[in-house]
Amino acid sequence: MKLPTALKQYEATLQATLRPTVTITPTPAKTGTLESKFAGKPYWLKSEPYPTASTGEALHLLAQLNLSAIPVPAPFPQQGILQFFVLNDDLTGLNFDDMCEQKDFRVVYHEHIEQDETKWFTAFDTLNYGEEEDYFPIQKECALAFQLTETPISTSDYRFDELLGIEDVKYDVYEEIIDPYNEVNGEQGAKIGGYPYFTQWDPRGEDGNTKYSHNDILLLQIDSDMDNGILWGDCGVANFFIAEEDLRVCNFDRVLYSWDCS
């Protein structure tokens, strides 16, 4: 790790936090049904009920990941398609009371892909998407490119201050540590795995709350990227987290979904 001088004393501690991270580079483009993408039309079967919100409105595809074409590390599944759906409303499906309740968002995993295209659902224009006003954060369908790397713990992660023992240092000393580290830790952007970025705070450690602390693995992060038509509120970021024991058995029913902005 190439660390600024102010962080050399923490090098061994930070080195131990390195995690495999798949960075995602979106590019506005039309995509095929089975391809990884942000927005666009998902792979879906006619025989399956399409994902809807608590209001009955159809959910929009936020992201689709074809895992067989992505260098994801274990315990991520190595095949199948993982999808993220959200409601097009002013909260983009966010549920402040229970961020794991998939009421107005949905995470769906297709372990096996149907190759018979006649069985694919295609009548998306018949779905009731509800809101006339468009709150959806991704305005352009994007093809995705992936690169496997490693990243250390982010300053946004709720465990960062305790890990470095800097919970009680003075603000100016804290800034001397945080500012140079933010330039090298790669916490922003779109990615799978690694550590999260927040514009405000990590809900997994808010006010000592341990309700979501078991959601330890970053399943997906989508950051604002105005060059590619992605904007969460006022330049915010969205994150999905899952517990390792759930990921190992491909149980996506208890995923934590949050997004915040400045």
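You'll find the structure just up there.
Throughout what follows, the structure given in this document is the object of discussion. These figures come from a predicted structure and were not determined experimentally. (Residues numbered from 1 in each chain as written. Predicted model: local features only at pLDDT ≥ 70, side-chain atom pairs only at ≥ 80, totals over all residues. Heavy atoms only, no water.)

Secondary structure assignment for the protein yields four helices and 10 strands. Each helix and strand of the protein, ordered N terminal to C terminal, gives the series α-β-β-β-β-β-β-α-α-β-β-β-α-β. A compact globule built from 262 residues would reach a C-alpha radius of gyration of about 18 Å, and the protein, at 19 Å, matches this within 12%. Counted over contacts in the protein with a minimum sequence separation of 6, partners at least 24 positions apart contribute 75%. Carbon together with sulfur atoms contributes 47% to the accessible area of the protein, which is approximately 12,700 Å² in total. If the 18 positive side-chain charges of the protein are averaged to one point and the 45 negative ones to another, these points end up 6 Å apart. (Helix = DSSP H or I, 4+ residues; strand = E, 2+ residues; numbered from the N terminus. Rg over C-alpha atoms; globule rule 2.2 N^0.38 Å. Contact = heavy atoms within 4.5 Å. Areas by Shrake-Rupley, 256 points an atom, 1.4 Å probe, with all protein chains shown as cover. Lys, Arg positive; Asp, Glu negative; His and termini not counted. Charge placed at Lys NZ, Arg CZ, Asp CG, Glu CD.)

Right, let's talk about the layout of surface pockets for a bit. The gaps left among the atoms become clear once a water-sized probe is rolled over them. Put simply, the largest pocket is a space of about 420 Å³. Looking at the largest pocket, it is lined by 26 residues, and the ones nearest its centre are Ala 39, Gly 40, Lys 41, Pro 42 and Leu 61. The calculated volume of the second largest pocket comes to roughly 330 Å³. Those elements that provide at least two residues to the lining of the second largest pocket are helix H2 (160–164) and helix H3 (171–182). For the lining of the second largest pocket, the element with the highest residue contribution is H2, accounting for three residues. (1 Å grid on protein atoms, 1.4 Å probe; cavity = no way out; pocket = protein on both sides within 12 Å on 5 of 7 lines; lining within 4 Å. Points joined across faces, edges and corners; volume = space filled by probe spheres on them.)

Here the focus is a negative patch on the surface. A grouping of Asp 90, Glu 131, Glu 132, Glu 133 and Asp 134 is seen on the molecular surface, where their side chains present a negatively charged patch. Take Glu 131: it is sitting in the loop between strand E5 (105–110) and strand E6 (142–151). The partly exposed category is assigned to Glu 131, whose relative accessible area is 38%. (Patch = residues over 30% accessible without salt bridge, like charges linked within 9 Å, V, L, I, M, F, W, Y side chains within 5 Å. Salt bridge = Lys/Arg side-chain N within 4 Å of Asp/Glu carboxyl O. Buried < 20%, exposed > 50% of the residue type's maximum accessible area, 1.4 Å probe, protein only.)

Quick look at H3 now. With 12 residues, H3 ought to run about 16 Å at 1.5 Å a step, and its terminal C-alpha atoms sit 16 Å apart, in line with that. Every buried residue of H3 is accounted for by Ile 177, Ile 178, Pro 180 and Tyr 181. Buried residues along H3 sit against helix H1 (11–15) and H2. (Expected span 1.5 Å × (residues − 1).)

Turning next to the packing of aromatic side chains. Here the structure, examined in full by the defined rule, presents 15 aromatic pairs. With centroids separated by 5.5 Å and ring planes inclined at 50°, the aromatic side chains of Tyr 109 and Phe 252 adopt a geometry described as tilted. With Tyr 109 in strand E5 and Phe 252 in the loop between helix H4 (244–248) and strand E10 (256–260), this residue pair connects regions lying 143 residues apart in the sequence. Taken as a pair, Tyr 109 and Phe 252 share a single burial class, namely buried. (Phe/Tyr/Trp six-rings, centres within 6.5 Å; stacked < 30°, edge-to-face > 60°.)

That bond from Ala 74 to Pro 75 is cis: its omega, 10°, falls within 30 degrees of zero. Following the sequence through the fold, Pro 75 ends up in the loop between strand E3 (60–66) and strand E4 (81–86). Of note, Cys 235 is a non-glycine position whose phi angle comes to about 60°, a positive value. Note that Cys 235 resides in the loop between strand E8 (217–223) and strand E9 (237–242). On the basis of relative accessibility, which here comes to 34%, the residue Cys 235 falls in the partly exposed class. Although it is not a glycine, Cys 250 adopts a positive phi angle of roughly 55°. Looking at the element boundaries, Cys 250 is found in the loop between H4 and E10.

In this section: the pairing of E3. Among the seven residues of E3, six are classified as buried, and the element is accordingly described as predominantly covered. For strand E2 (residues 37–38) and E3, the ladder comprises two bridges, and the chain directions are antiparallel. Bridge pairing in E3 places Lys 37 opposite Gln 64. In this structure, E3 lies alongside E4, joined through six bridges in antiparallel fashion. Counterpart to Ala 63 in the pairing with E4 is Phe 84. (Pairing = 2+ DSSP bridges.)

Honestly, that's just the spatial picture; any functional story needs more than this.
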